[in-house]
Amino acid sequence: MVATLNVIAALLTIGFGAFGFLAPAHTASALDLAPTNSTMGLSEMRASVGGLFVVTGIAVIWLNNPMAYVMLGIVYSGAALGRFVSVALDNPPLAKALIFGGIELALAVWLISANFNKAT
């Protein structure tokens, strides 16, 4: 059961990243990011929101090691922390921020708690 849910979490990571990698303009729009007179924003979306998550998800599945899944959970905990700090300081659209942060927090809690004892 743990192994199956780990792979599902990694596949979700790949899926989330695929949107940023393959459809950066759509992803930017979904995240309320506005284009400028440069395409550098699309490059950043493909890199940091796309490729980073695609390759991380693939690597975690390939490594198939509890510590790799813990590290993926730590990555998601950082994303959730940033999201919740933003809610407190930046006043983003609350529902969207809480949904994204909730998904990130749920993945973080699962990946760390289900795999930490197996990794040590």
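### A word on the layout of surface pockets
Line of reasoning, step 1. In this structure, the largest pocket occupies an estimated 760 Å³ of space.
Line of reasoning, step 2. In terms of lining, the largest pocket is formed by 27 residues, of which the most central are Leu31, Val49, Arg83, Phe100 and Glu104.
Line of reasoning, step 3. Breaking the lining of the largest pocket down by element, the ones donating at least two residues are helix H1 (2–22), helix H2 (24–30), helix H3 (40–63), helix H4 (66–90) and helix H5 (94–119).
Line of reasoning, step 4. At 6 residues, H5 tops the list of elements feeding residues into the lining of the largest pocket.
Line of reasoning, step 5. Residues belonging to the lining of the largest pocket are distributed by class as follows: 17 nonpolar, 6 polar and 4 charged.
Line of reasoning, step 6. Roughly 240 Å³ of internal volume is contained in the second largest pocket.
Line of reasoning, step 7. The element that contributes the greatest number of residues to the lining of the second largest pocket is H3, accounting for 5 residues.
Line of reasoning, step 8. Its residues assigned to classes, the lining of the second largest pocket shows 8 nonpolar, 5 polar and 1 charged.

### A short note on the pattern of salt bridges
Line of reasoning, step 1. Across all of its chains, the model carries 2 salt bridges by this definition.
Line of reasoning, step 2. Taking the shortest distance from any N to any O, the salt bridge between Lys96 and Asp32 comes out at 3.3 Å. Of the two residues, Lys96 is situated in helix H5 and Asp32 in the loop between H2 and H3; the sequence distance between them amounts to 64 residues.
Line of reasoning, step 3. Overall, the relative accessible area of 30% leaves Lys96 in the partly exposed class.
Line of reasoning, step 4. The class of Asp32 is partly exposed, set by a relative accessible area of 47%.
Line of reasoning, step 5. One salt bridge connects Glu104 with Arg83, and the closest N-O pair in it is separated by 2.6 Å. In this pair, Glu104 is assigned in helix H5 and Arg83 in helix H4, connecting sequence segments 21 residues apart.
Line of reasoning, step 6. Since its relative accessible area comes to 25%, Arg83 is described here as partly exposed.

### Details of H4
Line of reasoning, step 1. Taking 1.5 Å of rise per residue, the 25 residues of H4 would be expected to cover 36 Å, and the 35 Å separating its terminal C-alpha atoms lies within 8% of that figure.
Line of reasoning, step 2. For H4, the set of buried residues is Ala68, Tyr69, Val70, Leu72, Gly73, Tyr76, Ala80 and Ser86.
Line of reasoning, step 3. In this structure Asn65 caps H4, since a side-chain oxygen of it lies 2.7 Å from the backbone nitrogen of Met67.
Line of reasoning, step 4. Following H4 by one or two positions, Asn91 adopts a phi angle in the positive range, close to 55°.

Conventions and cut-offs
- Residues numbered from 1 in each chain as written.
- Predicted model: local features only at pLDDT ≥ 70, side-chain atom pairs only at ≥ 80, totals over all residues.
- Heavy atoms only, no water.
- 1 Å grid on protein atoms, 1.4 Å probe; cavity = no way out; pocket = protein on both sides within 12 Å on 5 of 7 lines; lining within 4 Å.
- Points joined across faces, edges and corners; volume = space filled by probe spheres on them.
- Helix = DSSP H or I, 4+ residues; strand = E, 2+ residues; numbered from the N terminus.
- Nonpolar A, V, L, I, M, F, W, Y, C, P; charged D, E, K, R; others polar.
- Salt bridge = Lys/Arg side-chain N within 4 Å of Asp/Glu carboxyl O.
- Buried < 20%, exposed > 50% of the residue type's maximum accessible area, 1.4 Å probe, protein only.
- Expected span 1.5 Å × (residues − 1).
- Polar contact = N/O pair within 3.5 Å; in protein donor to acceptor, adjacent residues only side chain to side chain.

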